[in-house]
Amino acid sequence: MRVLVTGGAGYIGSVTSATLIAAGHTVVIFDNLRQGHRAAIDPAAAFVEGDLNDVAAVDRVFSEHGPFDGIMNFASHTLVGESMQRPELYLRDSVSAGITLLAAAAKYGVKAFILSSTANLFDDPERIPIAETERIVPGSPYGEMKFWMERALHWYDRIFGMRYGALRYFNACGCTETIGQHHDPETHLIPLVLQVALGQRESISIFGDDYPTRDGTCVRDYVHVSDLAAAHILTLEALVAGGPSRRYNLGNGSGFTVKEVIDAARTVTGHPIPTNVVARRAGDPATLIASSETIRNELGWQPRYSSIESILQTAWSWHKQHPHGYSE
């Protein structure tokens, strides 16, 4: 397949691009490098630097590098906290960028589209684990933006026959041998914990220890980035083969508390990792665990990294070699 990967210099986009290339597919990456890293781009990919809100630049990608069998769209603003402070970046800029990409895809006859969606669609779930049929209550403008994009894909499928897969990640984590998790600012638990082990932070903050969970801290479902990449490729292959549009929740199906993640990190790193309990963050649900039975049953997806220790080991290996991430 010939695949356009927008946001392909970012964390999940770069791992998925490398996985596509390893499987023998041709990849064209389009990224503005505001959040992505040039060093994360597989050298076998064609890279075009540009912004999805630049209509002419997007059109050139299709006219000069296409035709494409499918598109994987990872490009958007990605910080939940930022979306609560600057919602216009999400409800205006990211939505506009997504619609620009969809319009070009329809113009050039692309029939398969994968959206990087989010578990932030389910801020107040009624049932755990969370199935695709759970009511959608976005937890932030970031989640709202992803929901709007899912709705836009519904209409592009209905009007243009553009089949889509909306993949709702839970907590993406882990690293490959060559690609790591590096955000600026860093907001994800595992990289922050490993920064303590590297001596870059004195302690890790735990936001509340009085939740109705087994140890009082929040429970989250952690899924390895390589397993997410595999899910993207399986879904794209199903769409290119003529299968219908679909939505999948992606997680391991089991959850770990914040304290359990920290304890596992102590074991993996051999570092004591001091903690500091602080006030709860507004809007943090006690438990978020995915039901991924749909994609397991329909496409045979099976995560390879099921334990938090195995996930942490891959992250620790990369962060030890790149203590300052891609800044080095």
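Look above for the structure.
Please read these numbers as outputs of a predicted model, since none were measured by experiment.

Visitor: I'm lost on the sheet that holds strand 12 (residues 256–257) in this one. Help?
Guide: The strands making up a sheet are joined through hydrogen bonds of the backbone, oriented either antiparallel or parallel. Here three strands make up an open sheet; going across it, the order is 12-9-14 and the pairing mixed. Bordering the open sheet on either side are strand 12 and strand 14 (287–288), each of which pairs with just one other strand. Note: strand 9 (residues 219–220) against strand 12, two bridges, orientation antiparallel. For Arg-220, the partnering residue across the bridge sits in strand 12 and is Phe-256.

Visitor: How should the environment of Ser-117 be read in this particular structure?
Guide: The residue Ser-117 is located in strand 5 (residues 112–118) in this model. Taking relative accessible area as the criterion, Ser-117 reaches 1% and is therefore assigned buried. In this structure the C-alpha to C-alpha distance between Ser-117 and Tyr-142, which are 25 residues apart in sequence, comes to 9.8 Å. With sequence-adjacent residues up to four places away left out, Ser-117 is seen in contact with Lys-146, Glu-150, Leu-167, Arg-168 and Tyr-169. A polar atom in the side chain of Ser-117 sits 2.7 Å from the side chain of Glu-150.

Visitor: Got a minute to help me understand the sheet that holds strand 3 (residues 46–49) in this structure?
Guide: A sheet is described by the order of its strands in space; here seven strands give the open sequence 3-2-1-4-5-6-11, paired in parallel fashion. Of all strands in the sheet, those with a lone pairing partner are strand 3 and strand 11 (246–250), marking the two edges. Averaged over neighbouring strand pairs, the angle between their axes works out to 20 degrees when direction is ignored. Sheet topology places strand 1 (residues 2–6) next to strand 4 (residues 70–73); four bridges connect them, and they run parallel. Within the sheet, the bridge partner assigned to Leu-4 lies in strand 4 and is Ile-71. Its contacts with the sheet place helix 5 (residues 141–160) against strand 5, strand 6 (163–169) and strand 11, and it is angled at close to 160 degrees to strand 5.

Visitor: How should I be thinking about the side chain of Arg-296 in this particular structure?
Guide: Position of Arg-296 relative to the elements: it lies in helix 9 (residues 293–299). For Arg-296, which is buried and forms no salt bridge, the nearest opposite charge comes from Glu-293, at a distance of 4.1 Å. Within the structure, the side chain of Arg-296 is placed 3.2 Å from the backbone oxygen of Asn-252, a separation counted as a polar contact. Among residues more than four places away in sequence, those in contact with Arg-296 are Gly-251, Asn-252, Trp-301, Gln-302 and Pro-303.

Visitor: It is not clear to me how the packing of helix 2 (residues 55–65) against helix 4 (residues 88–107) should be interpreted in this structure. Could you clarify?
Guide: Relative orientation and spacing of two packed helices are given, respectively, by the angle between their axes and the distance between those axes. Where helix 2 meets helix 4, the axes come as close as 10 Å, and the angle between the chain directions of the two elements is 35 degrees. At the point where helix 2 passes helix 4, the crossing takes the right-handed sense. Of helix 4, the residues touching helix 2 (which contributes Val-55, Val-58, Asp-59 and Phe-62) are Thr-100, Leu-101, Ala-104, Ala-105 and Lys-107. Residues of the contact of helix 2 with helix 4, tallied by class, amount to six nonpolar, one polar and two charged.

Visitor: In this structure, what is going on with the environment of Gly-243? I would like to understand it.
Guide: Along the chain, Gly-243 falls in the loop between helix 7 (225–240) and strand 11. A sequence separation of 28 residues divides Gly-243 from His-271, and the C-alpha atoms of the two residues are 48 Å apart. Not counting residues within four places of it along the chain, the set of residues in contact with Gly-243 comprises Arg-163 and Ala-238.

Visitor: So what exactly am I meant to see when it comes to the nonpolar core here?
Guide: A general trend in soluble globular proteins is that nonpolar side chains are found buried together. Membership of the largest hydrophobic core comes to 67 residues, with the highest contact counts inside it found for Ile-190, Tyr-222 and Leu-250. Considering each element in turn, this core owes the most residues, eight residues, to helix 7. Residues contacting Ile-190, with those up to four places away along its chain left out, are Cys-173, Tyr-222, Val-261, Ile-308, Ile-311, Leu-312 and Ala-315. Within the second largest apolar cluster, 32 residues are counted, among which are Leu-4, Ala-57, Leu-115 and Met-149.

Visitor: Explain the pattern of salt bridges here, please?
Guide: Applying the stated criterion across every chain yields a total of 15 salt bridges. With a closest N to O distance of 3.5 Å, Glu-134 and Arg-127 form a salt bridge. Given the relative accessible area of 4%, Glu-134 is considered buried. Measuring nitrogen to oxygen at the nearest pair gives 2.9 Å for the salt bridge that ties Arg-168 to Glu-150. Here Arg-168, found in strand 6, pairs with Glu-150, found in helix 5; they are 18 residues apart in sequence, far enough to count as distant. A single burial state applies to Arg-168 and to Glu-150, both of which are buried. Among the charged side chains, a network of salt bridges with common partners joins Glu-126, Arg-127, Glu-134 and Arg-135.

Visitor: Teacher, can you tell me more about the side chain of Arg-246 here?
Guide: Structurally, the position occupied by Arg-246 is in strand 11. Since its relative accessible area comes to 13%, Arg-246 is described here as buried. What Arg-246 contacts, discounting residues up to four positions off in sequence, is Tyr-164, Gly-165, Ala-166, Thr-235, Ala-238, Leu-239, Glu-298 and Leu-299.

Visitor: Before we go on, may I ask you to explain the packing of helix 6 (residues 189–197) against helix 8 (residues 258–269) in this structure?
Guide: At a minimum axis distance of 10 Å, the contact between helix 6 and helix 8 shows a crossing angle of 45 degrees. With respect to helix 8, the element helix 6 is oriented oblique. Crossing of helix 6 over helix 8 shows right-handed handedness. Across the interface between the two elements, Leu-189, Ile-190, Val-193, Leu-194 and Ala-197 from helix 6 touch Val-258, Val-261, Ile-262, Ala-265 and Thr-269 from helix 8.

Reading guide: rules and limits
Residues numbered from 1 in each chain as written. Predicted model: local features only at pLDDT ≥ 70, side-chain atom pairs only at ≥ 80, totals over all residues. Heavy atoms only, no water. Pairing = 2+ DSSP bridges. Helix = DSSP H or I, 4+ residues; strand = E, 2+ residues; numbered from the N terminus. Buried < 20%, exposed > 50% of the residue type's maximum accessible area, 1.4 Å probe, protein only. Contact = heavy atoms within 4.5 Å. Polar contact = N/O pair within 3.5 Å; in protein donor to acceptor, adjacent residues only side chain to side chain. Axes fitted to C-alpha atoms, helices over the stretch in contact; angles between N-to-C directions. Lys, Arg positive; Asp, Glu negative; His and termini not counted. Salt bridge = Lys/Arg side-chain N within 4 Å of Asp/Glu carboxyl O. Left-handed = near helix turned anticlockwise from the far one by under 90°. Nonpolar A, V, L, I, M, F, W, Y, C, P; charged D, E, K, R; others polar. Core = buried A, V, L, I, M, F, W, Y, C linked by side-chain atoms within 4.5 Å. Parallel < 35°, antiparallel > 145°, perpendicular 65-115°, else oblique.

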